[in-house]
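Each chain, letter by letter, is given below.
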Amino acid sequence: MTTILPLTLQDVWVRRRGKRLIGPVSTTLSGDGITIIVGPNGSGKTTLLKVMHGVARISDGAVNWAVPHSEAQHHQGYVFQTPIMLRRSVADNLRYPLQLRGMKKDEIERRMADWAQKTGLQDHLEISATRLSGGEKQRLALGRALIRRPEVLFLDEPCANLDGASTRDIEALLTEARDAGTRIIMTTHNIGQAKRLADDAIFMLHGAIKENGLAEAFFETPQSTELKAFFRGDIIA
Amino acid sequence: MNDIFEGLVSAVWLVISLDPELIEISVRSLQVTLGALVVSCAIALPLGTFLAIRRFRYRRLTISVLNALMGLPPVVVGLVVYILLSRSGPFGVMGLLFTPTAMVIAQVIIITPLIASITHQAMRELWAEYHDLLISLNTSQRQRIKTLVWDGRRNLLTAALAGFGRGIGEVGAIMIVGGNIDHATRVLTTAIALETGKGDFSLALALGFVLIALAIGVNICIHWLSRTEQEGRW
């Protein structure tokens, strides 16, 4: 299988109405595992994810995959902080991304049943997705993103507003996806979750990468004073 | 009060006795308005959806004009269509004036802006909700429109029903371009106007009740066919 990684960001700037959102950001993502992006609100985590995913316009710099963008687009998934549910049944939500690809019906049905099982929604297939609970919606959104078997999956605080049990379900799905070879990049506010999941981590502050590294060093021996303060729970401006 | 009661009684009687004239008028009413509705939907639904998801230069102007046209006075529309279709007008040779076709044309002009505007409102909300997901899933323009129209079909139905409501109860324009000719262009609303003018209130009221029943009936039928407002659906 050809891979779309590595992803290289080179001096990327994003400005909106003259205001700098992120920049300059340079980093390379390759290999496998889970990369966790942490940082205070407004530090540019979501913008960074969207830039990587290719849905946010960059003002300067370059974002490059190992393959052309149009092809890379096909192998990515994105899960939003507030899950976006199509006003259809749970089953139709799972079928939708496959139908866009024009996949054969029996293959769609097979995968749909498979992912309904994995996300624990097999008993809710025919009800409207908009009537699911918050945790179920996020599981469905995750299933819908993973059903295309993306090489790279972006998640924007997938467990915000979820309780412990729902968070555990999501984390189980994520580690399973990682073990199956999906490269995962996600933001979170939950330091505990970051420690549980991360293989490596990035600390964003004021629109730039302040510190990054492998999980162990990142969490045990942070270098910058800001990151130390962030872990301590101080409010950093 | 007595007039209203008598009107109800004669309405029931007209319906029970399957009065041929009543049936003829009612069927023509339905034909004209449903005909206009089909044409209007064919224009307005794609137009409204397009306005919701595409950005172009005069978009805001187009939308304001559309919203303003919702309040178009039917009498004026009737007058303009009359002038266009009259013998001396540009389309006079087609001989359409005082035919049901002329009435359909007038109604299309009246209800298209209404349907397009409601469609635009509904589709704009749905698009705002779906926007990020559909962009992220790398959908084509066609797939987006298809998804929006399908998932918003119940809102589109509401738009169509609003158009039907305005059309079936409309009298100003079709009176002018249709002429209220017996057995040719007489419909429920023009007949009511005529009977009221003649002072035959009970017949006018009876026709009025039939008109209301017809409007309710069509609405229920469409809702039932599309299974809206059912438990477990949207």
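Given the structure is predicted, the values throughout are model-derived calculations rather than measurements.

**Focus on the overall build of chain A**
At step 1: What chain A contains, in helices and strands, is nine helices and nine strands.
At step 2: On C-alpha atoms alone, chain A measures out to a radius of gyration of 18 Å, which is about the 18 Å that the 2.2 N^0.38 rule sets for 237 residues.
At step 3: In terms of principal-axis extent, the alpha carbons of chain A reach across some 55 × 40 × 35 Å.
At step 4: Each of the 237 residues in chain A was classed as buried or not, and the buried ones make up 44%.

**A closer look at the nonpolar core**
At step 1: Counting residues in hydrophobic clusters, the biggest one holds 63 residues, and the most contacted among them are Ile36, Leu48, Leu153, Phe154, Ile184 and Ala201 of chain A.
At step 2: Those residues within four positions of isoleucine 184 of chain A in sequence are excluded, and the remaining contacts are Ile34, Leu153, Leu155, Leu174, Ala177 and Arg178 of chain A.
At step 3: Ranked by size, the runner-up nonpolar core spans 57 residues in total, among them Ala44, Ala106, Leu188 and Ala206 of chain B.

**A short note on the pairing of strand 2 (residues 19-29) of chain A**
Two faces, one strand: in a regular strand the side chains alternate between the faces of the sheet.
Residue and element names in this part refer to chain A.
At step 1: Both strand 1 (residues 7-16) and strand 2 contribute to a ladder of seven bridges, which runs antiparallel. When the bridges of strand 2 are listed, arginine 16 appears paired with lysine 19.
At step 2: Two successive antiparallel strands, strand 1 and strand 2, enclose a turn made up of two residues, where arginine 17 displays a positive phi of approximately 50 degrees.

**Topic: helix 1 (residues 2-16) of chain B**
Residue and element names in this part refer to chain B.
At step 1: Its 15 residues give helix 1 an end-to-end C-alpha distance of 21 Å, which sits within 8% of 21 Å, the value for a rise of 1.5 Å per residue.
At step 2: All of the buried residues in helix 1 are Ser10, Ala11 and Leu14. The buried residues of helix 1 occupy an angular sector of 110 degrees when the element is viewed end-on, so they sit on one face. In helix 1, the exposed positions angled more than 90 degrees off the buried face are occupied by Asn2, Phe5, Trp13 and Ile16.
At step 3: Where the residues of helix 1 are buried, they touch helix 2 (20-53) and helix 10 (201-226).

**Looking at unusual backbone geometry**
Residue and element names in this part refer to chain A.
At step 1: Residue proline 6 follows leucine 5 across a cis peptide bond; omega there is 5 degrees.
At step 2: Topologically, proline 6 is positioned in the segment before strand 1.
At step 3: Between glycine 23 and the following residue, proline 24, the backbone shows a cis peptide bond with an omega angle of -10 degrees.
At step 4: As for its position among the elements, proline 24 is in strand 2.
At step 5: Not every positive phi belongs to a glycine, and glutamate 157 is a case in point at roughly 40 degrees.

**Some thoughts on helix 9 (residues 188-198) of chain B**
All names here are of chain B.
At step 1: Within the span of helix 9, buried status applies to Leu188, Thr189, Thr190, Ala191 and Ile192.
At step 2: Here the buried face of helix 9 lies against helix 2, helix 8 (172-178) and helix 10.
At step 3: Positive phi appears at glycine 199, one or two residues downstream of helix 9, with a value of about 90 degrees.

**Some thoughts on the sheet that holds strand 7 (residues 183-187) of chain A**
Residue and element names in this part refer to chain A.
At step 1: Read across the sheet, six strands follow the order 5-6-7-3-8-9 without closing on themselves; strand pairing throughout is mixed. Pairing within the sheet leaves two strands with one partner each, and these edge strands are strand 5 (76-79) and strand 9 (208-214). Mean inter-strand twist for the sheet, computed between neighbouring axes without regard to direction, equals 15 degrees.
At step 2: In the sheet, strand 8 (residues 200-205) pairs with strand 9 via six bridges, with the strands oriented antiparallel. If you follow leucine 205 over to strand 9, its bridge partner there is alanine 208.

**Let's talk about the interface of chain A and chain B**
At step 1: Facing the 14 residues of chain A at the interface are 14 residues of chain B.
At step 2: For the side of chain A that touches chain B, the residue count by class is eight nonpolar, four polar and two charged.

About the cut-offs
- Residues numbered from 1 in each chain as written.
- Chains lettered and ligands numbered in written order.
- Predicted model: local features only at pLDDT ≥ 70, side-chain atom pairs only at ≥ 80, totals over all residues.
- Helix = DSSP H or I, 4+ residues; strand = E, 2+ residues; numbered from the N terminus.
- Rg over C-alpha atoms; globule rule 2.2 N^0.38 Å.
- Buried ≥ 20, exposed ≤ 12 C-beta atoms within 10 Å, placed from the backbone.
- Core = buried A, V, L, I, M, F, W, Y, C linked by C-beta atoms within 7 Å.
- Contact = placed C-beta atoms within 7 Å.
- Pairing = 2+ DSSP bridges.
- Expected span 1.5 Å × (residues − 1).
- Arc of directions from axis to C-beta.
- Axes fitted to C-alpha atoms, helices over the stretch in contact; angles between N-to-C directions.
- Nonpolar A, V, L, I, M, F, W, Y, C, P; charged D, E, K, R; others polar.

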